[in-house]
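# Chains, contacts and geometry: an overview
So the chains spell out like this:
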Amino acid sequence: MGSLSIWHWLIVLVIVMMVFGTKKLRNMGQDLGGAVKGFKDGLKEGSADAAKPADSGKTIDVQAKEKV
């Protein structure tokens, strides 16, 4: 009773398909896949930005003044 067999999963799948319909399930799968792809692309862009040095070779010369 602790584990579900393949037959239990097939019954659950059939019930879900009857409730939502195959077209809506396909659209949800595409939306989920697009979200995962966007997340992975964002991670790649973030790691590429982190790999670049913070300054682009420009040096700013400033002097600090003490507040009185």
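Structure shown above.
Residues numbered from 1 in each chain as written. Predicted model: local features only at pLDDT ≥ 70, side-chain atom pairs only at ≥ 80, totals over all residues. Heavy atoms only, no water.

### Describing the overall build of the protein
Looking only at helices and strands, the protein has two helices and zero strands in total. The proportion of buried residues among the 68 residues of the protein is 0%. Counting only carbon and sulfur atoms, one obtains 64% of the accessible surface of the protein, whose full area is about 7,000 Å². (Helix = DSSP H or I, 4+ residues; strand = E, 2+ residues; numbered from the N terminus. Buried < 20%, exposed > 50% of the residue type's maximum accessible area, 1.4 Å probe, protein only. Areas by Shrake-Rupley, 256 points an atom, 1.4 Å probe, with all protein chains shown as cover.)

### Overview of a nonpolar patch on the surface
A cluster of nonpolar side chains, contributed by Leu4, Ile6, Trp7, Trp9, Leu10, Val12, Leu13 and Met17, occupies part of the molecular surface with about 850 Å² of accessible area. If you trace the backbone, Leu10 turns up in helix H1 (residues 6–20). By relative accessible area, which is 37% here, Leu10 ends up partly exposed. (Patch = residues over 30% accessible without salt bridge, like charges linked within 9 Å, V, L, I, M, F, W, Y side chains within 5 Å. Salt bridge = Lys/Arg side-chain N within 4 Å of Asp/Glu carboxyl O.)

### Concerning H1
When the terminal C-alpha atoms of H1 are compared, their 21 Å separation across 15 residues agrees well with the 21 Å that a helix rising 1.5 Å per residue should span. Looking one or two residues beyond H1, the residue adopting positive phi is Gly21, at roughly 90°. (Expected span 1.5 Å × (residues − 1).)

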